[in-house]
Amino acid sequence: MIPAIPTITLQSKVEIPQLGFGTWKILPIDIPEAIDGALQSGYRHIDTAQGYGNEQAIGEALSCSGIKREEIFLVSKLDNCNHLPPDVYRSFEQSLTDLKVDYLDLFLIHWPVPLLYDGDFVSTWKALIDLQDKHLVKAIGVSNFEPKHIRQLIQETGQKPDINQIEVHPFFQNNATRAWTIEHGIAVEAWSPLGQGQILQDHRLESLAAKYGKSTAQITLRWHIQHGNIVFPKSSSLTRMRENLEIFDFELSPDEIALLDSCDQGENGRLGPHPERHNAM
Ligand code: NAD
């Protein structure tokens, strides 16, 4: 049976499934099987990016699936080399073409890259607002933005993002940015929710997994869900895709949530680059 996945209502009044399917590092050649497996398992929220190089393959797989466009929540992200407004429009159009759709559900600025473009990500944000005004995208947001970056967007445009997609997992909980984002009514998407698989042998996760008859991945995803994070774990294995969906039939207690909260290693647990220093095009 396909589990019912809860949704979260964004400030644009758009409903996003709280659990989706991540596609970073899934090569185009492997996409047909991965997307087919994800859709058959019950995923209806797909996270990709211009930089993943797999939009075209995803578009092909989705259009072959027979599932109606409006049943899929489709997300992409603007590549760091496309921040200038003419490049936003051109590359967004290309994403629509590659994904074989005439709108996206959510489009994000992938990184703020404050060391590039003379530190200007506001004109990029204005172009995303324009795409939303033209009904080419339902919700817009950012990824890897620190509070000061978002504050600047709000101050200069009056429009806050629907979402901030940031690195969050038990070993790197990104608490300051996460708390600020939530306080400002912006939903948090947790990227690498399983810590790219590197955290799953932790003994605290293992003890809870034994208690509930679940895997350590399921315990970790359940912790995210109870914190209100939106997650999209990646897997190319059908068994794991299904396993990652089976997290709505149990609940961690407040003490168990607190135990996982105590796994935070601060900056030592960070897997990706710090957003202030990431300037790769
Ligand atoms: P993840 O935390 O989802 O972990 C993926 C790894 O965990 C894979 O090696 C997979 O084989 C393993 N795994 C998955 N399910 C498992 C299970 N049930 N048991 C054991 N192992 C399991 O890592 P991710 O792919 O980096 O993050 C998820 C998604 O987040 C990406 O695919 C992408 O869509 C997004 N993302 C966004 C950014 C960003 O900058 N915005 C950065 C990284 C990732």
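Please refer to the structure placed before this passage.
Let me begin by describing the structure that accompanies this report. (Residues numbered from 1 in each chain as written. Predicted model: local features only at pLDDT ≥ 70, side-chain atom pairs only at ≥ 80, totals over all residues. Heavy atoms only, no water.)

1. Focus on empty space enclosed by the protein
In total, this model carries one cavity of 30 Å³ or more according to the counting rule given. Within this model, the largest cavity holds a volume of roughly 50 Å³. Lining the largest cavity are Asn-144, Glu-146, Ile-166, Glu-167, Asn-174, Trp-191, Arg-270 and Pro-275. When grouped by side-chain class, the residues that make up the lining of the largest cavity number three nonpolar, two polar and three charged. (1 Å grid on protein atoms, 1.4 Å probe; cavity = no way out; pocket = protein on both sides within 12 Å on 5 of 7 lines; lining within 4 Å. Points joined across faces, edges and corners; volume = space filled by probe spheres on them. Nonpolar A, V, L, I, M, F, W, Y, C, P; charged D, E, K, R; others polar.)

2. Points about the sheet that holds strand S5 (residues 73-78)
Strand order in the open sheet formed by eight strands is S3-S4-S5-S6-S7-S8-S9-S10, with parallel pairing between adjacent strands. Edge positions in the sheet fall to strand S3 (21-22) and strand S10 (230-231), since each has one partner strand and no second. Pairing analysis gives two bridges linking S3 to strand S4 (residues 45-47), with the strands arranged parallel. If you follow Gly-22 over to S4, its bridge partner there is Asp-47. Contacts from helix H4 (residues 122-133) reach S5, strand S6 (104-109) and strand S7 (137-143) within the one sheet, and its direction differs from that of S7 by about 160°. (Pairing = 2+ DSSP bridges. Helix = DSSP H or I, 4+ residues; strand = E, 2+ residues; numbered from the N terminus. Contact = heavy atoms within 4.5 Å. Axes fitted to C-alpha atoms, helices over the stretch in contact; angles between N-to-C directions.)

3. A short note on unusual backbone geometry
Of note, Lys-100 is a non-glycine position whose phi angle comes to about 60°, a positive value. Note on placement: Lys-100 falls in the loop between helix H3 (85-99) and S6. Take Lys-100: its relative accessible area is 45%, and that puts it in the partly exposed class. Positioned with a positive phi, Ser-192 is a non-glycine residue whose angle comes to about 50°. By the element assignment, Ser-192 lies in the loop between strand S9 (187-191) and helix H7 (203-212). Classification of Ser-192 by relative accessible area gives buried; the value is 12%. (Buried < 20%, exposed > 50% of the residue type's maximum accessible area, 1.4 Å probe, protein only.)

4. Quick notes on the layout of surface pockets
One simple way to see leftover space: roll a probe sized like a water molecule over the atoms. When its volume is computed, the largest pocket comes out at roughly 850 Å³. Together, 37 residues line the largest pocket, and Trp-24, Trp-191, Ser-192, Gln-196 and Lys-234 are the ones closest to its centre. Those elements giving two or more residues to the lining of the largest pocket turn out to be helix H8 (216-226) and helix H9 (238-245). When residues in the lining of the largest pocket are grouped by element, the largest group, three residues, is from H9. Considering only residue class, the lining of the largest pocket consists of 13 nonpolar, 17 polar and seven charged. The volume enclosed by the second largest pocket comes to roughly 200 Å³.

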